[in-house]
Amino acid sequence: MAIPHSTDPRDSIDPRAVADPRNRYPSDEQFYASDRPGRPVLPEDRPRGGGPGTPLRHRGPWATAAFVVGIVLLVLVGIALFP
């Protein structure tokens, strides 16, 4: 049988110490607001989209084929030199 888990911090405190003033826990909003700047909305430092850019140029099919053939030749030469 599973024991239900509560997210209330008071449930993990010894019942005899509930009235202790040191057992005061801030809400999530209070806790996370402590280190947040006064102006939480900042301008974006790298805006997306921008203006018209230069179109991408892809390598031609011959350059890709030469690259693949070069890799295959390198592997074959490595196998031939170190049998």
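Note that the structure is a prediction, hence the values are computed from the model and not measured. (Residues numbered from 1 in each chain as written. Predicted model: local features only at pLDDT ≥ 70, side-chain atom pairs only at ≥ 80, totals over all residues. Heavy atoms only, no water.)

Enquirer: Can you help me understand a nonpolar patch on the surface in this one?
Expert: A cluster of nonpolar residues, F67, V68, V69, I71, V72, L73, V75, L76 and I79, forms a patch on the protein surface that exposes about 830 Å² of accessible area. Mapped onto the fold, V72 is located in helix α2 (residues 61-81). A relative accessible area of 43% means that V72 is categorised as partly exposed. (Patch = residues over 30% accessible without salt bridge, like charges linked within 9 Å, V, L, I, M, F, W, Y side chains within 5 Å. Areas by Shrake-Rupley, 256 points an atom, 1.4 Å probe, with all protein chains shown as cover. Salt bridge = Lys/Arg side-chain N within 4 Å of Asp/Glu carboxyl O. Helix = DSSP H or I, 4+ residues; strand = E, 2+ residues; numbered from the N terminus. Buried < 20%, exposed > 50% of the residue type's maximum accessible area, 1.4 Å probe, protein only.)

Enquirer: Which parts of the structure should I look at to understand the pattern of salt bridges?
Expert: Any two side chains of opposite charge can pair if their charged atoms end up close together. Applying the stated rule across the entire model yields one salt bridge. Two residues, R22 and D20, come together in a salt bridge whose shortest N-O distance is 2.6 Å. Exposure remark for D20: the relative accessible area of 21% places this residue in the partly exposed category.

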